[in-house]
Amino acid sequence: MRAQRVFAVARRQGYVLKRAPQRWFDVIVWPVVDAILFGAIGVYFGRQHGTAAASAAFLLAGIVLFHVVFQAEISLATGFLEETWSRNLLNLMVTPLTELEYGAGVVLFGMARLAIGVSVVSVVAFALFAFDITTLGLALIPLVIILLVVGWSMALLVIGLILRVGQGAEILTWGVIAFLLPMSGIFYPVSALPGGLQPLAEALPTTHVFAAGRAVVQGHALPWDQVGVAAVSAVVLVALSVWFLTRMLATFRRRGFISRHV
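This section reports on the structure supplied with the text.

### Some details on the side chain of Thr 207
(1) Moving on: On the secondary structure map, Thr 207 appears in helix α9 (residues 205–217).
(2) Moving on: When its relative accessible area of 4% is taken as the criterion, Thr 207 is described as buried.

Okay, here's the thing in structure tokens:
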């Protein structure tokens, strides 16, 4: 019965995506734009120094990995937002569906969106710039897992804020990603950031994931010290996000904030 409810949530999310073409923007359009934009920047600057292929690979590896955390966060957060936009939140609360089952269903559908989005950016990178993300080899597995955990954790924080302050917090769905993009050192080491921002960047698990990814692109072995730091900080982040969401959900129920969404 639990599995049936989880798959029912995933099917509903799929129906929403099918019936709302604009929802494909994050899944198809952004991956294509990012791959072309950063691939072209890499080729241009590489030509200035005679290393076009290496520069393009450097940037494209970063943007492909970034779309893992991007799609993971966007899929879960917008999955919840769909319920607030359609004023369906009250209906969910009076069904036998638990929060865990609902979250599992949205994550299940989010994995499908993730596969599409990352596949699109990878195909564009290969077709236009001859960059094959599989050249990272088995190093992809731990890096992708950590990025998934980070993406889901950030989405839980956003959902908690929406429950607490209302739909005005939905801008954070995209705002969090806009913050992570420059702060995580996706295309450059942390030392390139202003000094005051470097400690904050070092505290982010994504910073260490992308540092490890850059090392592999440059032909080095996977730096397990960076992976270890990223994994530990990701566990801390997911613990904080679950705690925060639980507190906000309790407040949501106690104060009757459901009235904001009906």
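From this point on, the discussion continues.
### A few points about the environment of Arg 164
(1) Moving on: Of note, Arg 164 is situated in helix α6 (residues 140–165).
(2) Moving on: Between the C-alpha atoms of Arg 164 and His 220, which are 56 residues apart in sequence, the distance is 45 Å.
(3) Moving on: Leaving out residues up to four positions away in the same chain, Arg 164 has contacts with Met 248, Thr 251, Arg 255, Phe 257 and Arg 260.

### Overview of the nonpolar core
Here is a general trend for soluble globular proteins: nonpolar side chains tend to be buried in one another's company.
(1) Moving on: Counting residues in hydrophobic clusters, the biggest one holds 75 residues, and the most contacted among them are Ile 63 and Phe 66.
(2) Moving on: Looking at this core, the elements that each hand over two or more residues are α2 (25–49), α3 (52–85), α4 (89–93), α5 (99–129), α6, α7 (172–183), α9 and α10 (224–254).
(3) Moving on: The greatest single-element share of this core, amounting to 18 residues, is contributed by α3.

### Some words on α9
(1) Moving on: The first and last C-alpha atoms of α9 sit 19 Å apart over 13 residues, in line with the 18 Å expected at 1.5 Å per residue.
(2) Moving on: For α9, the tally of buried residues reaches 12 of 13 residues, placing the bulk of the element in the interior.
(3) Moving on: All buried positions along α9 are accounted for by Pro 205, Thr 206, Thr 207, His 208, Val 209, Phe 210, Ala 211, Ala 212, Gly 213, Arg 214, Ala 215 and Val 216.
(4) Moving on: Once α9 finishes, Gly 219 follows within two positions and takes phi at roughly 95°, a positive value.

How each quantity is defined
- Residues numbered from 1 in each chain as written.
- Predicted model: local features only at pLDDT ≥ 70, side-chain atom pairs only at ≥ 80, totals over all residues.
- Heavy atoms only, no water.
- Helix = DSSP H or I, 4+ residues; strand = E, 2+ residues; numbered from the N terminus.
- Buried < 20%, exposed > 50% of the residue type's maximum accessible area, 1.4 Å probe, protein only.
- Contact = heavy atoms within 4.5 Å.
- Core = buried A, V, L, I, M, F, W, Y, C linked by side-chain atoms within 4.5 Å.
- Expected span 1.5 Å × (residues − 1).

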